[in-house]
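Read off the chains here:
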Amino acid sequence: MTAIQERPVNSVVRHDPLSHARLPRWTPIAVVAGSIAAAVGLGLGAGWHSRLQWGLLAALFFVLGTYAVTAKVEGRRQAKDRVATSLVWVCFILAVVPLLSLAWTTISKGIEVLDANFLTHSMNGVLDADEGGGVYHALLGTIEQVGIATLIAAPIGLLTAVYLVEYGRGKLAQAVTFFVDVMTGIPSIVAGLFILATWNLMLGFGPSGFAGAMALAILMMPVVVRSTEEMLKLVPNELREASLALGVPKWRTILKVVLPTAIGGITTGVMLAVARITGETAPVLLLVFGTKLINPNPFEGAQASLPLYVYEQYAVGTDAAMARAWAAALVLIAFVMILNLVARGIARWKAPKTGR
């Protein structure tokens, strides 16, 4: 029998080279706390009283501290990976903090005068420097102008995108794509001047909500075209081919297969376009003029809007006017948010069902 050789007692046991030392899970929290403490201490020592400076210092210390601690324990390769993750988190926080600050400031200052009376009354008979008054006339004007602009721009943008994706070939499609790209960068004041020159000066029409809606539609159309075009490109060609193989006409394939598949993304793009035009002031100032009275007719006479109302009240500068401006800004944000929620609900309702 072969003798079994035993391992010497004093022999060195080698560890698996694939195993590494790992930092505990609470390490990122500790690094964050240390970075904040170091940033605050350095900021106070240097006489910096801005919290923004402290935050930027804390972010820098967090990235450097993460690299130093990870490189010492886990190695440089893992340290680079953690630094990349840390940079993603820092960029996310830098993007979210201004948004949260804006929302908090608007809510805290706008909630002071925002009530049922503010939403159901206009500024008729109320001096800008006095307390009271409301935003009803501006809210009504914004709803009508944005609604008309959406009715004009959404179908045109949708059909243009369908043409570019499903039918567009050759120089005509290239020309359409070029002009859509050019229109994307048009300033709002230029769209307002175009409608002013054609609709008001050449054709002789006066200021109205419809004139402002046409300028807003010009700003909205390229956003709808671009977003819808990208969503239609994401629809798998196999779905189109399967429908066509069954003898379904191409127009019906687009209507019943392609559009329902991309309805979620299309709706999101339309809502992005609506959010862009809702806050525009320059076209409204040129074409709608603004008024303190309630004008439910968007096709005749001056009409108010929420962005113009905020601008006018801010220009007055009194405490009462500033409070109304913040409240109107809060109403504007809530209006856009409600539109987004409704659009997402419709898109979810109309989207094709998945699974069995």
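Please read all numbers here as calculations on a predicted model, not as lab measurements.

Quick look at the overall build of the chain
- Check the secondary structure of the chain and you find 14 helices and 0 strands.
- If you take every contact in the chain between residues at least 6 apart in sequence, the share linking residues at least 24 apart comes to 71%.
- Of the roughly 21900 Å² of accessible surface on the chain, 68% is carried by carbon and sulfur atoms.
- When the 27 positive and 20 negative side-chain charges of the chain are each reduced to one mean point, those points stand 14 Å apart.

Some details on the packing of helix α5 (residues 136–167) against helix α10 (residues 250–261)
- Orientation of α5 relative to α10, taken along the N-to-C sense of each, is 110 degrees, at an axis distance of 12 Å. Considering the angle they form, α5 stands roughly perpendicular to α10. In the crossing of α5 with α10, the sense of the turn from one axis to the other is right-handed. Seen from α5, the contacting residues are L158, V162, E166 and Y167; seen from α10, they are K250, W251, I254, V258 and L259.
- In terms of residue class, the contact of α5 with α10 is made up of 7 nonpolar, no polar and 2 charged.

A short note on the UniProt feature "transmembrane region" (unreviewed entry) in the chain
- Residues annotated by UniProt as "transmembrane region" (unreviewed entry) correspond here to residues 29–48, 54–71, 83–104, 146–165, 177–199, 205–225, 257–277 and 325–347.
- As annotated, residues 177–199 comprises 87% helix and 0% strand, and the C-alpha atoms at either end are separated by 26 Å.
- As annotated, residues 257–277 has a helix share of 95% and a strand share of 0%, and its two end C-alpha atoms lie 30 Å apart.

Brief notes about helix α11 (residues 263–278)
- A rise of 1.5 Å per residue sets the reference length of α11, with its 16 residues, at 22 Å; its end C-alpha atoms lie 22 Å apart and thus fit the reference within 8%.
- Those residues of α11 not exposed but buried are I266, T267, G269, V270, M271, A273, V274, I277 and T278.

Here's the deal with α10
- Counted at 1.5 Å a residue, the expected span for α10 with its 12 residues is 16 Å, and the 15 Å between its end C-alpha atoms agrees.
- Among the residues making up α10, those that are buried are T253, I254, V258 and L259. The arc that holds the buried residues of α10, viewed along the axis, is 145 degrees, so those residues lie on one side.
- On the buried face of α10, the contacting elements are α5, α8 (209–233), α9 (237–245) and α11.

Remarks on the packing of aromatic side chains
- Taken as a whole and assessed by the stated rule, the structure comprises 5 aromatic pairs.
- Ring centres 4.1 Å apart and planes at 10 degrees place the aromatic pair W199 and F205 in the stacked group.
- Relative accessible area serves as the criterion here: at 41%, F205 is assigned to the partly exposed category.
- Both rings, one in W199 and one in F210, keep their centres 5.5 Å apart while their planes meet at 65 degrees; by these two values the pair is edge-to-face. On the criterion of sequence distance, the pair formed by W199 in helix α7 (residues 188–202) and F210 in helix α8 is long-range, its members being 11 residues apart.
- In this arrangement the basic side chain of K250 is found over the ring face of Y167, its NZ or CZ atom lying 4.7 Å from the centre.

A look at the nonpolar core
- Within the largest apolar cluster, 39 residues are counted, with the highest numbers of intra-cluster contacts made by I195, M220, L232, V270 and I277.
- Secondary-structure elements contributing two or more residues to this core are α5, α7, α8, α10, α11 and α12 (282–287).
- Take this core: its biggest share by element is 13 residues, from α8.
- Each residue touching M220, except ones within four places of it in the same chain, is listed here: A149, T150, A153, V270, A273, V274 and I277.
- The next biggest cluster of nonpolar side chains, apart from the first, holds 13 residues, and it includes M123, L139, V331 and L332.

Rules used throughout
Numbers given to residues run from 1 along each chain, matching the order in which its sequence is written. Local features are withheld for residues below a pLDDT of 70 in this predicted model, meaning they are given only at 70 or higher, and side-chain atom pairs are given and counted only at 80 or more; totals for whole chains, interfaces and linings count all residues. Hydrogens are left out, water is left out, and the side-chain values use all remaining heavy atoms of the structure. Helix numbering and strand numbering both begin at the N terminus, where a helix is a DSSP run of H or I of at least 4 residues and a strand a DSSP run of E of at least 2. Working rule for contacts: check all heavy atoms of both residues, and any pair within 4.5 Å makes them a contact. Surface accessibility follows the Shrake-Rupley procedure with a 1.4 Å probe radius. Residue values consider only the protein chains on display as shielding. Charge counting treats Lys and Arg as positive and Asp and Glu as negative, with His and both chain ends excluded. A charged residue contributes its charge at one atom only: NZ of Lys, CZ of Arg, CG of Asp or CD of Glu. Axis lines are fitted through C-alpha atoms, for helices just across the contact stretch, and the angle between N-to-C directions can take any value from 0 to 180 degrees. The scheme is simple: roughly parallel for angles under 35 degrees, roughly antiparallel for over 145, roughly perpendicular for 65 to 115, oblique for anything else. The crossing is said to be left-handed when, going from far helix to near helix, the turn is anticlockwise and less than a right angle, and right-handed when the turn is clockwise. For this scheme, ten residues count as nonpolar: Ala, Val, Leu, Ile, Met, Phe, Trp, Tyr, Cys and Pro. Four count as charged, namely Asp, Glu, Lys and Arg, and the remainder, Gly too, count as polar. UniProt positions are given in the numbering used here, feature names are shortened, and annotations may be inferred rather than shown by experiment. Multiply 1.5 Å by the residue count of a helix minus one, and that product is the helix's expected span. Accessibility here uses a 1.4 Å probe with only protein chains present; expressed as a share of the type maximum, an area under 20% marks a residue as buried, one over 50% as exposed, and anything in between as partly exposed. Our arc is simply the arc of the directions from the helix axis toward the C-beta atoms. The rule is short: rings of Phe, Tyr and Trp, with Trp giving its six-membered ring, pair when the centres are within 6.5 Å, and they are stacked under 30 degrees, edge-to-face over 60, tilted in between. Placement of a positive charge over a ring is assigned whenever Lys NZ or Arg CZ falls within 6 Å of the ring centre and within 35 degrees of the normal to the ring plane. We define the nonpolar core as a collection of buried residues of types Ala, Val, Leu, Ile, Met, Phe, Trp, Tyr and Cys that are connected through side-chain atoms lying within 4.5 Å of one another.

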